Amino acid sequence: GAGVSQSPRYKVAKRGQDVALRCDPISGHVSLFWYQQALGQGPEFLTYFQNEAQLDKSGLPSDRFFAERPEGSVSTLKIQRTQQEDSAVYLCASSLGQGNVNEQFFGPGTRLTVL
Amino acid sequence: AQKVTQAQTEISVVEKEDVTLDCVYETRDTTYYLFWYKQPPSGELVFLIRRNSFDEQNEISGRYSWNFQKSTSSFNFTITASQVVDSAVYFCALSDSWGKLQFGAGTQVVVTP
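Description of the structure in this document. (Residues numbered from 1 in each chain as written. Chains lettered and ligands numbered in written order. Predicted model: local features only at pLDDT ≥ 70, side-chain atom pairs only at ≥ 80, totals over all residues. Heavy atoms only, no water.)

### A closer look at the pairing of strand β6 (residues 53-56) of chain A
Residues and elements named next belong to chain A. Using the following cut-off: Pairing between two strands is assigned when DSSP locates at least 2 bridges connecting them. A run of H or I in DSSP becomes a helix once it reaches four residues, and a run of E becomes a strand once it reaches two; helices and strands are each numbered from the N terminus.
Inspection of the sheet shows strand β5 (residues 44-50) paired to β6 by 3 bridges, in the antiparallel sense. Its bridge partner lying in β6, Phe49 is registered against Gln54. Between β5 and β6, which pair antiparallel and follow one another directly, the connecting turn spans 2 residues, one of which, Asn51, has a positive phi of 55°.

Encoded structure:
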């Protein structure tokens, strides 16, 4: 498919476990964003990459959250020692250039449930 | 700091009625971009429109129209002759120079036959 894909679509973790969420952006898209969407709320920004450079990580809620995009394409969001408050849908978006000029295309999200 | 307010939590209409979704924003930037996204029950965010701060022309796309008023910091969205398929959560968003989106809380639109 030509869209943004995310895997897994659903993840259940026990409190304290580490998880890794993957995002495959649209091929050739320079910008990649991660957002966190809690139930009944709007998405909240987590972090932003331009190619392999992480230019903004101001939205990461704690040092348990880590994101990377080593080759400027696929990105992984890792959450260490998961807590119940980490339960949310994690959305990835990519855009051709800078996200304010070009449309951001969103993936289907990964729904994380921490028990 | 940037802020987007969508005061309407839920709007219920009967099919063929018009529905207007309010969006008020705050920013100190002189150049900024405003967006509307649709999130159907499937969960995927669907882009509807992008507007830059220098373009206050209203826009119409089929049954959708947008009213951008810089003087009141509002970017309202109207669905004309609503259909059941319009049932979704609609988000207004504001972006900074990098493209980081600040979303409102969303408005749930319920269209009944």
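### As for the state of the cysteines
Stated formally: In this description, a disulfide is simply a cysteine sulfur pair whose atoms lie within 2.5 Å. Only protein chains enter the area calculation, which uses a 1.4 Å probe; residues under 20% of their type maximum are buried, those over 50% are exposed, and those in between are partly exposed.
Tallied over the full model, the rule gives 2 disulfides over all chains. In this model, Cys23 of chain A is linked to Cys92 of chain A through a disulfide, with the two sulfur atoms separated by 1.8 Å. Of note, the bridge from Cys23 of chain A to Cys92 of chain A carries an S-S torsion of about -65° and is left-handed in sense. Here Cys23 of chain A is found in strand β3 (residues 19-24), whereas its partner Cys92 of chain A is found in strand β9 (residues 88-95), with 69 residues between them in sequence. For the residue pair Cys23 of chain A and Cys92 of chain A, the accessibility class agrees, reading buried in each case. Across the disulfide, Cys23 of chain B is cross-linked to Cys92 of chain B (sulfur-sulfur distance 2.0 Å). With the S-S bond torsion at -65°, the cross-link from Cys23 of chain B to Cys92 of chain B turns out left-handed.

### Focus: the interface of chain B and chain A
Rules: Whether two residues touch is decided by their heavy atoms; if any such pair falls within 4.5 Å, the residues are in contact. Note on definitions: buried area is the accessible-area loss of two parts on being combined, 1.4 Å probe, summed for both. Just to be clear on terms, a salt bridge is a Lys or Arg side-chain nitrogen sitting within 4 Å of an Asp or Glu carboxyl oxygen. Polar contact criterion, stated in full: a pair of N or O atoms within 3.5 Å, where within protein one must be able to donate a hydrogen and the other to accept it, and residues adjacent in sequence count only if both atoms are side-chain atoms.
Chain B puts 19 residues into the contact, and the matching count from chain A is 24 residues. Carbon and sulfur atoms supply 53% of the area that chain B and chain A bury against each other, a total of about 1,700 Å² over both sides. Of all residues in chain B, Leu45, Trp98 and Lys100 of chain B bury the most surface against chain A, accounting for 33% of the area lost on that side. There are 1 salt bridge connecting chain B and chain A. A salt bridge links Lys100 of chain B to Asp56 of chain A, with the shortest nitrogen-to-oxygen separation between them at 3.4 Å. Linking chain B to chain A there are 5 residue pairs in polar contact (both at pLDDT 80 or more). Of all elements in the fold, only β5 (33-39), β6 (46-52), β10 (88-95) and β11 (101-103) of chain B reach the threshold of two or more residues within the side of chain B that touches chain A. Looking at the side of chain B that touches chain A element by element, the count peaks at 4 residues for β5 of chain B.

### Points about the side chain of Ser31 of chain A
Residue position: Ser31 of chain A is located in strand β4 (residues 31-37). Within the local environment of Ser31 of chain A, its side chain forms a polar contact with the side chain of Tyr48 of chain A, the two groups lying 3.3 Å apart.

### Overview of the environment of Thr113 of chain A
Residues and elements named next belong to chain A. Summarising the element assignment, Thr113 is placed in strand β11 (residues 110-114). Residue Thr113 is classed as partly exposed on the basis of its relative accessible area, which comes to 31%. Taking C-alpha positions, Thr113 is 28 Å from Ala2, a pair spaced 111 residues apart along the chain.

### Some points on the nonpolar core
The condition is simple: Nonpolar core, defined: a set of buried Ala, Val, Leu, Ile, Met, Phe, Trp, Tyr and Cys residues in which side-chain atoms within 4.5 Å join the residues together.
Judged by nonpolar contacts, the single largest core of 24 residues is most densely connected at Leu21, Trp36, Trp66, Phe75, Phe77 and Tyr90 of chain B. Among the elements of the structure, β2 (10-14), β3 (19-21), β5, β6, β8 (64-69), β9 (74-79), β10 and β12 (107-112) of chain B are those that each provide at least two residues to this core. When residues in this core are grouped by element, the largest group, 4 residues, is from β10 of chain B. With 20 residues, the next largest nonpolar core counts Ile26, Trp34, Phe65 and Val114 of chain A among its residues.

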